[in-house]
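Residue-level structure breakdown
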Amino acid sequence: FLVPVQVMLATILLIGTGLFIRTLDNIRHVQLGYRSDRLATITLSPDQVGYDVTRRTAYWNQIRDRVTALAGVKSVTISTDPIGTLNLTTLLNMPGFESASPRERSTGQKRVGSRFVETSGMTLLRGRDFTPSDEDSGRNLVIVNASLAEHFFKTTDVVGRQLSLNFGRTPEPKGSGRAWPREGR
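Now for a quick tour of the structure. (Residues numbered from 1 in each chain as written. Predicted model: local features only at pLDDT ≥ 70, side-chain atom pairs only at ≥ 80, totals over all residues. Heavy atoms only, no water.)

**Some points on the overall build of the chain**
- Broken down by element type, the chain carries 6 helices and 7 strands.
- Among the 185 residues that make up the chain, the fraction classed as buried is 26%.
- Approximately 12300 Å² of the chain is accessible, and the part contributed by carbon and sulfur atoms is 56%. (Helix = DSSP H or I, 4+ residues; strand = E, 2+ residues; numbered from the N terminus. Buried < 20%, exposed > 50% of the residue type's maximum accessible area, 1.4 Å probe, protein only. Areas by Shrake-Rupley, 256 points an atom, 1.4 Å probe, with all protein chains shown as cover.)

Spelled out as C-alpha cells, the structure:
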C-alpha cells in the first residue's frame, strides 16, 4: 500500500514541477512593451545626500554625458523609476470624466528625460520621442500609452491633444506608445 502512494505522490510532484518550469519559461517570453536585452539601469539618489534641485539637475546631466561617452553605449536617458515600472499615480481631470470614480481617472506616471523611447526600445504608434530641447523648453509634455489614449480620448491618435493632471499642469501629448544605457547592436 505504501509504495503505490509514494509513486502517486512522486508523479504529482513531477507533473507540478514540469508545469512550474513551463510557466517560468513562458514568463521569459512575455512582451513587456520595451526591450530588456542590452539594457542596463543605474539607481542614484543625489537628493538623499542633500543636493538641491539645481545641483541635482547638473549631477544628472553630468552622469548622462559621462555614460553616453562610454564605448558601446548607444543611448542614455534618465527616469524617476526603472523602465517597466510606474511608482507614481495621479488623477486626470478630463472632460466627460468629472464624476467618474478615482479609479477610472487614475493613471501611472514617471518623469523621463530625452531619448527615453529610443533607450527603452519602445515603439511609438504616433508622435516622437522626447528631445533635449523638450527638457529645456519648460513645456509639460507627455507620451501616453494606447490604453490611456483609448480610455480618455477614444482613439490612439492623441498627438497635440491636451490632458490635465490633478496637480494643475496641462501636458501636451507628444506620442503614444504600447506599453539606461543601451549598448550598440
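After presenting the structure, the write-up continues.
**What to know about the side chain of Thr 107**
- By the element assignment, Thr 107 lies in strand 3 (residues 106-109).
- The class of Thr 107 is buried, set by a relative accessible area of 17%.

**A look at the pairing of strand 3**
- The two faces of strand 3 differ: Thr 107 and Gln 109 on one face are buried, but Ser 106 and Gly 108 on the other face are not.
- Relative to strand 3, strand 2 (residues 88-91) runs antiparallel, the two being bridged by 4 bridges. Counted as the bridge partner of Thr 90 is Thr 107 from strand 3. (Pairing = 2+ DSSP bridges.)

**Notes on the packing of aromatic side chains**
- Enumeration according to the criterion identifies 3 aromatic pairs in this entry.
- Measuring from centroid to centroid gives 5.5 Å for Tyr 51 and Tyr 59, while their planes differ by 85 degrees, and the two rings are edge-to-face. (Phe/Tyr/Trp six-rings, centres within 6.5 Å; stacked < 30°, edge-to-face > 60°.)

**Things to note about the nonpolar core**
- Counting residues in each nonpolar core, the largest one holds 13 residues, and the members touching the most others are Leu 92, Met 94, Val 144, Leu 148, Phe 152, Phe 153 and Leu 163.
- For this core, the secondary structure elements donating two or more residues are strand 5 (141-145) and helix 6 (146-153).
- It is helix 6 that contributes the most residues to this core, 4 residues altogether.
- When near neighbours in sequence (up to four residues on either side) are disregarded, Leu 92 contacts Arg 105, Thr 107, Leu 148, Phe 152, Leu 163, Ser 164 and Leu 165. (Core = buried A, V, L, I, M, F, W, Y, C linked by side-chain atoms within 4.5 Å. Contact = heavy atoms within 4.5 Å.)

**Some points on a nonpolar patch on the surface**
- A cluster of nonpolar residues, Phe 20, Ile 21, Leu 24, Ile 27 and Val 30, forms a patch on the protein surface that exposes about 500 Å² of accessible area.
- Following the sequence through the fold, Phe 20 ends up in helix 1 (residues 2-28).
- The class of Phe 20 is exposed, set by a relative accessible area of 54%. (Patch = residues over 30% accessible without salt bridge, like charges linked within 9 Å, V, L, I, M, F, W, Y side chains within 5 Å. Salt bridge = Lys/Arg side-chain N within 4 Å of Asp/Glu carboxyl O.)

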